[in-house]
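Each chain, letter by letter, is given below.
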Amino acid sequence: MSAPAPLAVPPFAVISGAEVQRALQGRQKKIMNLVEATYRWHSAGDSVNPPSYFLRFPDRPSARIIALPASIGGPLRVDGLKWISSFPENVAAGIPRASAVLILNDHDTGYPFACLESSIISATRTAALAASAADWLSRGRPRPARVGFFGTGLIARYIHAFLDGTGWSFDEIGVHDLSAESATGFRGYLEQSGAAGAISVFDSAEQLIRSSDLVVFATVAGEPHVGDLSWFSHNPLVLHVSLRDLAPEVLLASTNIVDDVEHCLKAETSPHLAEQLTGSRDFLAGTLDDVMAGRVRIPADRPTVFSPFGLGVLDLAVGKYVYDEIARSRKLHIIDEFFHERRRYG
Ligand SMILES: NC(=O)c1ccc[n+]([C@@H]2O[C@H](COP(=O)([O-])OP(=O)(O)OC[C@H]3O[C@@H](n4cnc5c(N)ncnc54)[C@H](O)[C@@H]3O)[C@@H](O)[C@H]2O)c1
């Protein structure tokens, strides 16, 4: 048996958003499979994914920066940190709300070996798990043919692209946003993307929900603004990606699936509010992993709500995929001498 390679300081690479996008473009199915596999390794305990840390500011109450440290095992074996800002006021100035970097750390030495632009990676892993959930939670019944996007920013666009790229097609696509400009922009994107099906912009939230069998919440609401149970009487599948839109009463009348119980019942998410209201977690049917493994079945006679908190391990998996793709094509942009003090005594 050959001796293990001696430990060495890895080179440090910087990967731009343009490179990230090129590495991920058109690979929705592959990325969805990777995200699903990573999610299963995490659920089987082969990860370290401590609670996200929320940095908030008294002088900028709507803003936050979240740190998501994580370590994933399986064949990936990589550690790292996503550091993602949300400044909702950016949107009015014409720049995206979220910006992020992802640091990848070497498994053996701990050295950071890459810094990647990560708003695209974050949107990609979010959309990949949402598309996976839409698939698993609608198995065994007719697939939803009418989708409604409630909040139509970047995340809604990525979720649509992932549904489209993983075999979904819709007869009707509904759009609702508080901002007419966002709704029009999203409609323009849908038309350009060649999305099949009739596109309708709804001014009324109620109309959007009543007209959709699959509802995607991707707003920036800080507290619940949808609480009328009758809007859900047709038992839609709801991807509650923005986590704080639904009143606890809606959750209590639904089958609730989360990505990770400990993560999701925090930070005033709607499931967290439901736990506070009822004093228990009995309203949760289980996790997406429970559904994938057949431990939980989804009844057809009530709404289903999937609330994914978002796991740092998924960012790591997608980031490592991007890194490996660029390394394979020998196009890594290495910063020479990034780690400079390498000898203890000079
Ligand atoms: N769960 C996860 O893993 C995860 C990951 C990434 C992002 N997110 C969440 O997704 C959401 C959307 O992110 P984005 O980057 O697309 O944001 P964005 O700012 O680009 O878009 C949000 C849109 O929602 C609209 N909106 C806000 N409040 C609304 C309301 N009450 N009703 C209707 N429309 C409303 C805004 O006008 C805007 O067009 C954020 O809340 C973000 O935190 C979740």
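Remember, it's a predicted structure, so these values are computed and weren't measured experimentally.

Calculation criteria
- Residues numbered from 1 in each chain as written.
- Predicted model: local features only at pLDDT ≥ 70, side-chain atom pairs only at ≥ 80, totals over all residues.
- Heavy atoms only, no water.
- Pairing = 2+ DSSP bridges.
- Helix = DSSP H or I, 4+ residues; strand = E, 2+ residues; numbered from the N terminus.
- Axes fitted to C-alpha atoms, helices over the stretch in contact; angles between N-to-C directions.
- Contact = heavy atoms within 4.5 Å.
- Expected span 1.5 Å × (residues − 1).
- Buried < 20%, exposed > 50% of the residue type's maximum accessible area, 1.4 Å probe, protein only.
- Arc of directions from axis to C-beta.
- Near = heavy atom within 4 Å.
- Polar contact = N/O pair within 3.5 Å; in protein donor to acceptor, adjacent residues only side chain to side chain.
- Areas by Shrake-Rupley, 256 points an atom, 1.4 Å probe, with all protein chains shown as cover.
- Patch = residues over 30% accessible without salt bridge, like charges linked within 9 Å, V, L, I, M, F, W, Y side chains within 5 Å.
- Salt bridge = Lys/Arg side-chain N within 4 Å of Asp/Glu carboxyl O.
- 1 Å grid on protein atoms, 1.4 Å probe; cavity = no way out; pocket = protein on both sides within 12 Å on 5 of 7 lines; lining within 4 Å.
- Points joined across faces, edges and corners; volume = space filled by probe spheres on them.
- Nonpolar A, V, L, I, M, F, W, Y, C, P; charged D, E, K, R; others polar.
- Phe/Tyr/Trp six-rings, centres within 6.5 Å; stacked < 30°, edge-to-face > 60°.

(A) Here's a closer look at the sheet that holds strand 8 (residues 146–150). As summarised here, the arrangement of the eight strands in space is 10-9-8-11-12-15-13-14, forming an open sheet in which the pairing is parallel. At either end of the open sheet lies a strand with only one pairing partner, and these are strand 10 (198–201) and strand 14 (284–287). Between one strand axis and the next, the sheet turns through 20° on average, direction left out of account. When strand 8 meets strand 9 (residues 172–176), the two strands line up parallel, connected through five bridges. When the bridges of strand 9 are listed, arginine 146 appears paired with glutamate 172. Seen against the sheet, helix 5 (residues 180–192) touches strand 8, strand 9 and strand 10 and runs at an angle of roughly 175° to strand 10.

(B) How the structure looks around helix 5. The end-to-end C-alpha distance of helix 5 is 18 Å, a good match for the 18 Å that 13 residues give at a rise of 1.5 Å each. Taken together, the buried positions of helix 5 are occupied by Ala183, Phe186, Tyr189 and Leu190. Along the axis of helix 5, the buried positions cluster into a sector of 120°, meaning they face one direction only. Turned more than 90 degrees away from the buried face of helix 5, the exposed residues are Ala180, Glu181, Thr184 and Gln192. Buried residues along helix 5 sit against strand 8, helix 4 (154–165), strand 9 and strand 10. A positive phi of about 75° marks glycine 194, the residue just after helix 5.

(C) Layout of the site of the ligand. If you check the shell around the ligand, you find 25 residues, and the closest are Arg97, Ile155, Asp177, Thr219 and Pro308. The contact in question runs from a nitrogen atom of the ligand to an N or O atom on the backbone of leucine 178, over 3.3 Å. Proline 308 is positioned such that a nitrogen or oxygen atom in its backbone is 2.7 Å from a nitrogen atom of the ligand. Calculation on the ligand without its partners gives an accessible area of 870 Å², and the protein chains cover 86% of this total. Broken down by secondary-structure element, the contributors of at least two residues to the shell around the ligand are helix 3 (119–137) and helix 4.

(D) A look at the environment of phenylalanine 149. As for its position among the elements, phenylalanine 149 is in strand 8. C-alpha separation for the pair phenylalanine 149 and histidine 107, spaced 42 residues apart in sequence, amounts to 40 Å. Residue contacts for phenylalanine 149: discarding those within four places in its chain leaves Ala156, Ile159, His160, Ile173, Gly174, Val175, His176, Phe186, Leu208 and Val216.

(E) Representation of a nonpolar patch on the surface. A cluster of nonpolar side chains, contributed by Tyr53, Leu55, Leu81, Trp83 and Val101, occupies part of the molecular surface with about 430 Å² of accessible area. Breaking the nonpolar patch down by element, the ones donating at least two residues are strand 3 (53–57) and strand 5 (78–86). As for its placement among the helices and strands, leucine 55 is situated in strand 3.

(F) Molecular detail of the side chain of threonine 166. Along the chain, the position of threonine 166 falls in the loop between helix 4 and strand 9. Relative accessible area serves as the criterion here: at 14%, threonine 166 is assigned to the buried category. Within polar-contact distance, the side chain of threonine 166 engages the backbone oxygen of phenylalanine 162 at 2.6 Å. With near-sequence residues (within four places) excluded, threonine 166 lies in contact with Gln28, Lys29, Met32 and Ala131.

(G) Summary view of the layout of surface pockets. As a volume, the second largest pocket reaches approximately 280 Å³. Around the second largest pocket, the lining comprises 14 residues; the ones closest to its centre are Gln21, Gln25, Gln28, Tyr158 and Ala161. Looking at the lining of the second largest pocket, the elements that each hand over two or more residues are helix 1 (17–24), helix 2 (28–43), helix 3 and helix 4. Tallying contributions element by element places helix 4 first for the lining of the second largest pocket, with four residues. Of the residues contributing to the lining of the second largest pocket, the split by class is seven nonpolar, five polar and two charged.

(H) Molecular detail of the packing of aromatic side chains. The final tally for this structure, using the stated rule, is 11 aromatic pairs. Geometrically, the ring pair formed by phenylalanine 113 and tyrosine 323 is edge-to-face, given 4.9 Å between the ring centres and 80° between the ring planes. Residue phenylalanine 113 is located in strand 7 (residues 112–117), and its partner tyrosine 323 is located in helix 11 (residues 312–328); the two are separated by 210 residues in the primary sequence. The same class applies to phenylalanine 113 as to tyrosine 323, namely buried.

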